[in-house]
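Residue-level listing of the chains:
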Amino acid sequence: QVQLVESGGGLVQAGGSLRLSCAASGRIFRVNVMGWYRQAPGKQRELVATTTTGGNPNYRDSVKGRFTISRDNAKNTVYLEMNSLKPDDTAVYYCNANGFLIGTMQAFDSWGQGTQVTVSS
C-alpha cells in the first residue's frame, strides 16, 4: 500500500560524492521515521541513518561527518548526501519508512527495492 522508489546510486571513486533520494507514495496518512540501510555482499543489513518527522537525525558511527540525511515532509521524500566515500561504503542501499495509512490508520513499514552504490579505490 506504500511504495518507496529510490534513485541516485552509482559508481564513484573514493573521496567522491553521491546523493540518494527516496520518495514514498500510496495511501499515506503520516510518515514517521524515514531512513537508509545498506547491505554489502556476505554481510547483514545495517542502519546507515534515520530521521524523524521533526528532522532529528541518527547516524551509524562510521558515516558521521561524511553523510547527511534530510527529508521533505511535504513530498514524503528522504535524501542521503554521501561525501568522502570509501570503498567500505560499497553496498546496496535500501530506503525504509514507517507510519500510518489513510482511513484505517493501520501502521506500515515499507522498504524500497535498493540502489547499488559502488566506491572504487
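See above for the structure.
We now turn to the structure provided with this report.

## Describing the overall build of the chain
When helices and strands are tallied, the chain shows zero helices and eleven strands. Seen in sequence order, the chain has helices and strands lined up from the N terminus as β-β-β-β-β-β-β-β-β-β-β. At 14 Å, the chain has a C-alpha radius of gyration in line with the 14 Å of a compact globule built from 121 residues. Each principal axis of the C-alpha distribution contributes one length, and for the chain these read about 50 × 25 × 20 Å. Scored against the burial criterion, the 121 residues of the chain give a buried share of 42%. Sequence-distant contacts in the chain: of pairs separated by 6 or more residues, those separated by 24 or more amount to 56%. With an accessible surface of roughly 6300 Å², the chain has 48% of that area assigned to carbon and sulfur atoms.

## Observations regarding the pattern of salt bridges
Inspection of the entire model under this criterion finds six salt bridges. Where Arg19 meets Glu81, a salt bridge forms, and the shortest distance between an N and an O atom there is 3.6 Å. Of the two residues, Arg19 is situated in strand S3 (residues 18-26) and Glu81 in strand S8 (residues 77-82); the sequence distance between them amounts to 62 residues. On the accessibility criterion, Glu81 (29% relative accessible area) is partly exposed. Notably, a salt bridge pairs Arg66 with Asp89, separated by 2.8 Å at the nearest N-O pair. One end of the pair, Arg66, is in the loop between strand S6 (57-59) and strand S7 (67-72); the other, Asp89, is in the loop between S8 and strand S9 (91-101), with 23 residues separating them in the sequence. Comparing Arg66 with Asp89 shows no difference in burial state: the two are buried.

## Quick look at the sheet that holds strand S1 (residues 2-7)
Ordered by their spatial adjacency, four strands build an open sheet running S1-S3-S8-S7, and the pairing between neighbours is antiparallel. The outermost strands of the open sheet, each flanked by one partner alone, are S1 and S7. Ignoring which end each strand starts from, the neighbouring axes of this sheet average 15 degrees apart. Summarising the sheet, S1 and S3 pair through six bridges and their orientation is antiparallel. By the bridge assignment for S3, Gln3 is matched with Ser25.

## Here's the deal with the side chain of Asn96
Inspection of the secondary structure assignment puts Asn96 in strand S9. In terms of polar contacts, Asn96 uses its side chain to reach the side chain of Asp109, at 2.7 Å. Apart from residues no more than four positions distant in its own chain, Asn96 is found in contact with Leu4, Val33, Met34, Gly35, Tyr37, Asp109, Ser110 and Trp111.

Definitions and limits used
- Residues numbered from 1 in each chain as written.
- Predicted model: local features only at pLDDT ≥ 70, side-chain atom pairs only at ≥ 80, totals over all residues.
- Heavy atoms only, no water.
- Helix = DSSP H or I, 4+ residues; strand = E, 2+ residues; numbered from the N terminus.
- Rg over C-alpha atoms; globule rule 2.2 N^0.38 Å.
- Buried < 20%, exposed > 50% of the residue type's maximum accessible area, 1.4 Å probe, protein only.
- Contact = heavy atoms within 4.5 Å.
- Areas by Shrake-Rupley, 256 points an atom, 1.4 Å probe, with all protein chains shown as cover.
- Salt bridge = Lys/Arg side-chain N within 4 Å of Asp/Glu carboxyl O.
- Pairing = 2+ DSSP bridges.
- Axes fitted to C-alpha atoms, helices over the stretch in contact; angles between N-to-C directions.
- Polar contact = N/O pair within 3.5 Å; in protein donor to acceptor, adjacent residues only side chain to side chain.

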